[in-house]
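Residue-level structure breakdown
Single-letter residue listing:
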Amino acid sequence: MTRGKMDPGPNPFCYRDGILTCEDVAADVIAEAVGTPCYIYAGNEITRNLKAYQDAFRDLPHLVCYALKANPSLAILSHLVRRGAGFDAVSGGEIAKALAAGADPARIVFAGVGKTGEEMHAALVAGIRQFNVESVPELKALDDIACSLGMVAPVALRVNPDVRAQTHRKITTGMAENKFGIDFANILEVWRMAGEMAHIRTQGLALHIGSQILSLEPYRAAFNRTAELVSNLRKQGETVESLDIGGGIGIAYQHEAGLPPAIADFARLVGETLGDLDCELIIEPGRSMIGPAGILIATVLYVKETADRRFLILDAALNDLLRPAMYDAWHDLIPFREADPESRWTPHDVVGPICESSDTFARDRLLPSLSAGDRVAFLHAGAYGASMASEYNCRPLVPEVMVSGDRFSQIRSRPTIEDMIKRESIPDWLSQDPDDPNEEP
């Protein structure tokens, strides 16, 4: 169990004079300005993480496409556009969000198993870089839509390499049992089929074996299989120009659990297995770019003690940070005030106010003594935090704040309950007099 120790070396979230700060801004200042719960993102950390990928792959032809699903904040996307990132989208809404942030459509990849006709149409008109096609029915639908527009759709066929990613079963995507991609054994046939379609241009392959991968070995197995497939395609006279190799490496949510591979080591493996194929590489990191750059801050509402448990009840809930309830995920939790090294640490169950037992962030988490009104921060919450949030229990979405040096700005405001109610409507017939004989029973 962690005692809330911070990462060594450069860290956007650290204690200064005993006070938690984000870059050069005290977290208390942000909490007072926008309230809690609230997400805070360190802009300079996002820049560092993107640059780490760009530098690691500098000797290979590549494009780093940030995975919007990790966090589609317009401000974050704009920040990345300015620093040369491309984008990996899995919905028409994500494409629209990237374009609104100023992204070049020629640097947008469209993935996902269930693209609708409307989404395909909009993506073709926008002129995106490529569609990662995941099935024969999708390929045929895309060909029909491109034909109706008099266009040719750029395509990468997503192969399912049937490789176990050694990650949580809910975020494994490269096994034969998963819904993603085309069976490895069928790729040659589907490639030939695509070649006979007048409005499809097959330019490469795509693969994605999962998320939060902490070992290079699953990647090695998947990349070796892919290299063999490229060789077989070329032996049959096919041209393979690009390889979309999916997401990057995982991150260290729980510091005592060990560190993930370095980005440089991941890039070195890519070079060893795929570097001689003369293909442009597309890398789609999301979590590793934004996860460590964000925290969720919360306020202690109550400390409740029973005969055998101590509950730390926060104003944040599973609708704000779903990962612990959905994946049994760990997030390090630290107080705003640095604990005295000699202070006594005791086990707490850290929970939210939602009426479900699954609204639990941590069990038996060692924490210093905390009281109502104290503030805490969940670390590594930048990815799949705000993007998976909901208004369950009629709780408003939490605000988001971006920090740059000694500046901060609210990049998404907290809606009021009135704002939430205004989005809905009541049918006319329900506003009639209940004693009206024409009222439906």
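Not measured: the values here are computed from a predicted model.

1. A few points about unusual backbone geometry
Residue Pro37 follows Thr36 across a cis peptide bond; omega there is -5°. With respect to the element layout, Pro37 can be found in the loop between helix H1 (27–34) and strand S4 (38–42). Its identity as a non-glycine residue notwithstanding, Asn393 has a phi of 65°, on the positive side. Looking at where Asn393 falls in the secondary structure, it is placed in the loop between strand S19 (375–378) and strand S20 (400–404). What makes Asn393 partly exposed here is its relative accessible area of 38%.

2. Details of the packing of helix H2 (residues 43–56) against helix H9 (residues 263–274)
Interaxial distance between H2 and H9 falls to 9 Å at its minimum, and their mutual angle equals 30°. When the axis of H2 is compared with that of H9, the two are roughly parallel. Relative to H9, the crossing made by H2 is right-handed. Residues Asn49, Ala52, Tyr53 and Ala56 of H2 form the contact with H9, whose participating residues are Ile263, Ala264, Phe266 and Ala267.

3. Some words on the pattern of salt bridges
For the coordinates displayed, the defined rule picks out 21 salt bridges. Between Lys69 and Asp88 there is a salt bridge, with its nearest N and O atoms 3.7 Å apart. Taken together, the residues Lys69 in the loop between strand S5 (62–67) and helix H3 (74–81) and Asp88 in strand S6 (residues 86–89) connect sequence positions 19 residues apart. Its salt-bridge partner being Arg309, residue Asp364 comes within 3.2 Å of it at the nearest N-O pair. Note that Asp364 is positioned in strand S18 (residues 360–367) and Arg309 in the loop between strand S14 (294–305) and strand S15 (310–314), a separation of 55 residues in sequence. You can call Asp364 partly exposed: its relative accessible area is 34%. Arg309 sits in the partly exposed class, given a relative accessible area of 28%. Taken together, the shared-partner salt bridges connect Asp28, Glu32, Arg337 and Arg375 into one network.

4. Describing the sheet that holds strand S2 (residues 19–22)
The three strands lie next to each other as S1-S2-S3, forming an open sheet whose pairing is antiparallel. With partners counted over all chains shown, the strands left at the sheet margins are strand S1 (13–16) and strand S3 (25–26), one partner each. Relative to S3, S2 is paired through two bridges, and the arrangement is antiparallel. Paired with Thr21 across the strands is Ala26, a residue of S3.

5. So, the nonpolar core
Core analysis: the largest hydrophobic core is formed by 95 residues, its most contacted members being Phe131, Ile245 and Phe266. Of the residues forming this core, the biggest block, seven residues, is contributed by helix H8 (residues 217–235).

6. Observations regarding helix H7 (residues 187–195)
Along H7, the residues classified as buried are Ile187, Val190, Trp191 and Ala194. On an axial view of H7, the arc spanned by its buried residues comes to 105°, and they lie on one face. On the buried face of H7, the contacting elements are helix H6 (136–149), strand S9 (153–160), strand S10 (182–183), strand S11 (200–206) and H8.

7. Here we look at the state of the cysteines
Applying the stated criterion across every chain yields a total of zero disulfides. Free cysteine Cys279: the closest other cysteine sulfur is in Cys65, separated by 15 Å. Taking the relative accessible area as the measure of exposure, Cys279 reaches 4% and is therefore buried. The closest cysteine sulfur to the non-disulfide-bonded Cys355 is located on Cys394, 12 Å from its own sulfur. Among the residues examined, Cys355 registers a relative accessible area of 75% and is labelled exposed.

8. Here we look at the packing of aromatic side chains
The geometry of an aromatic ring pair comes down to the distance between the two centres and the angle between the two planes. Within this structure, the stated rule accounts for eight aromatic pairs. Pairing Tyr66 with Phe87 gives two aromatic rings, centres 6.5 Å apart and planes at 85°, and the pair type is edge-to-face. Here the residue Tyr66 occupies a position in strand S5, and Phe87 occupies one in strand S6, the gap between them amounting to 21 residues. In this structure Tyr66 comes out as buried when scored by relative accessible area, which is 1%. On the accessibility criterion, Phe87 (0% relative accessible area) is buried. Measuring from centroid to centroid gives 6.0 Å for Phe110 and Phe131, while their planes differ by 45°, and the two rings are tilted.

9. Describing the environment of Ile76
Counting through the fold element by element, Ile76 comes out in helix H3. Judged by relative accessible area, which is 0%, Ile76 ranks as buried. Separated by 162 residues in sequence, Ile76 and Glu238 place their C-alpha atoms 39 Å apart. Aside from chain neighbours lying at most four places away, what touches Ile76 is Tyr41, Ile46, Asn71, Ile290 and Met402.

10. Observations regarding the packing of H2 against H3
Viewed as axis vectors pointing N to C, H2 and H3 meet at an angle of 45°, and their least axial separation amounts to 10 Å. Between H2 and H3, the angle falls in the class oblique. Where H2 crosses over H3, the handedness of that crossing is right-handed. Between H2 and H3, the residues in contact are Gly43, Ile46, Thr47 and Leu50 and Ile76, His79 and Leu80, respectively. Among the residues forming the contact of H2 with H3, the class breakdown is four nonpolar, three polar and no charged.

Each value, and the rule that gives it
Residues numbered from 1 in each chain as written. Predicted model: local features only at pLDDT ≥ 70, side-chain atom pairs only at ≥ 80, totals over all residues. Heavy atoms only, no water. Helix = DSSP H or I, 4+ residues; strand = E, 2+ residues; numbered from the N terminus. Buried < 20%, exposed > 50% of the residue type's maximum accessible area, 1.4 Å probe, protein only. Axes fitted to C-alpha atoms, helices over the stretch in contact; angles between N-to-C directions. Parallel < 35°, antiparallel > 145°, perpendicular 65-115°, else oblique. Left-handed = near helix turned anticlockwise from the far one by under 90°. Contact = heavy atoms within 4.5 Å. Salt bridge = Lys/Arg side-chain N within 4 Å of Asp/Glu carboxyl O. Pairing = 2+ DSSP bridges. Core = buried A, V, L, I, M, F, W, Y, C linked by side-chain atoms within 4.5 Å. Arc of directions from axis to C-beta. Disulfide = S-S within 2.5 Å. Phe/Tyr/Trp six-rings, centres within 6.5 Å; stacked < 30°, edge-to-face > 60°. Nonpolar A, V, L, I, M, F, W, Y, C, P; charged D, E, K, R; others polar.

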